[in-house]
Amino acid sequence: MAGVPQVDFALDTYECIVIYPGAAGRALPAETVQRLQGEHTEHMQALQRRGIILVAGSIDGTTSNPEPPIGFGLARTGSVDDVRSVLEADPAVQAGLYRVDVLTFLCPAGSLEFPLVKAES
């Protein structure tokens, strides 16, 4: 993996999910947007129940980026491509309401916990 920092401690690897507004979102009727947002929520919750996504949620706040992200999540499957594939199956992504990017996220081993995932295991 390119760009792995050389550190003297162990790292955990996650897939970082970033969701942005999609190109078609501005042109969709309000009722379609509302329906797609509901389908998106159901899709993400199903992925979390299946253990693919560890945590996901919305981002709110101002930024200097003209197209700021609107959602963030973490997965731990070992494959950026696999996570990207299941996210691209999201009805809201397919309709162009959202677009996704999936990147590798590295952090000190053991520094993150996901109590909701443990509770459901």
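Residues numbered from 1 in each chain as written. Predicted model: local features only at pLDDT ≥ 70, side-chain atom pairs only at ≥ 80, totals over all residues. Heavy atoms only, no water.

(A) Focus on the overall build of the protein chain. Check the secondary structure of the protein chain and you find 4 helices and 4 strands. Secondary structure elements in the protein chain, listed N-terminal to C-terminal, are β-α-β-β-α-α-β-α. A total of 121 residues make up the protein chain; the buried ones form 31% of that total. Sequence separation of at least 24 residues holds for 74% of the intrachain contacts in the protein chain that already meet a minimum separation of 6. (Helix = DSSP H or I, 4+ residues; strand = E, 2+ residues; numbered from the N terminus. Buried < 20%, exposed > 50% of the residue type's maximum accessible area, 1.4 Å probe, protein only. Contact = heavy atoms within 4.5 Å.)

(B) Expanded view of the sheet that holds strand S3 (residues 71–75). Read across the open sheet, the 4 strands follow the order S2-S3-S1-S4; overall the sheet is antiparallel. Since the sheet does not close on itself, it has two edges, and those belong to strand S2 (53–58) and strand S4 (98–108), each with one partner. The mean inter-strand angle of the sheet, taken between neighbouring strand axes irrespective of direction, is 20°. Pairing analysis gives 5 bridges linking S2 to S3, with the strands arranged antiparallel. Counted as the bridge partner of Val55 is Leu74 from S3. The strands that helix H2 (residues 80–88) touches are strand S1 (11–21), S2, S3 and S4; relative to S4, the one it contacts most, it runs at about 150°. (Pairing = 2+ DSSP bridges. Axes fitted to C-alpha atoms, helices over the stretch in contact; angles between N-to-C directions.)

(C) Structural context of the packing of aromatic side chains. Counted by the stated rule, this structure contains 2 aromatic pairs. On the basis of an interplanar angle of 45° and a centroid distance of 6.4 Å, the ring pair of Tyr14 and Phe105 is categorised as tilted. Of this pair, Tyr14 sits in strand S1 while Phe105 sits in strand S4, and the two are 91 residues apart along the sequence. Judged by relative accessible area, Phe105 falls into the partly exposed class, the value being 31%. Through pairs of rings, three or more aromatic residues link up here, namely Tyr14, Phe105 and Phe114. (Phe/Tyr/Trp six-rings, centres within 6.5 Å; stacked < 30°, edge-to-face > 60°.)

(D) Looking closely at the environment of Val93. For Val93, the position within the fold is in helix H3 (residues 91–94). In the structure, Val93 is positioned 71 residues away from Gly22 in sequence and 7.4 Å away in space, judged by C-alpha atoms. Discounting chain neighbours no more than four positions away, the residues touching Val93 are Leu87, Glu88, Tyr98 and Val100.

(E) Summary view of the state of the cysteines. Applying the stated criterion across every chain, the model contains 0 disulfides. The closest cysteine sulfur to the non-disulfide-bonded Cys16 is located on Cys107, 11 Å from its own sulfur. On the basis of relative accessibility, which here comes to 12%, the residue Cys16 falls in the buried class. What makes Cys107 buried here is its relative accessible area of 6%. (Disulfide = S-S within 2.5 Å.)

(F) Representation of the nonpolar core. Membership of the largest hydrophobic core comes to 17 residues, with the highest contact counts inside it found for Ile17, Ile53 and Leu87. Where this core is concerned, the elements lending two or more residues are S1, helix H1 (30–49), H2, H3 and S4. Here this core gets 4 residues from one element, more than from any other, and that element is H1. Filtering out sequence-adjacent residues up to four positions away, Leu87 remains in contact with Ile17, His43, Met44, Leu47, Ile53, Val93, Val100 and Val102. Of all hydrophobic cores here, the second largest spans 8 residues; its members include Tyr14, Cys16, Val18 and Phe114. (Core = buried A, V, L, I, M, F, W, Y, C linked by side-chain atoms within 4.5 Å.)

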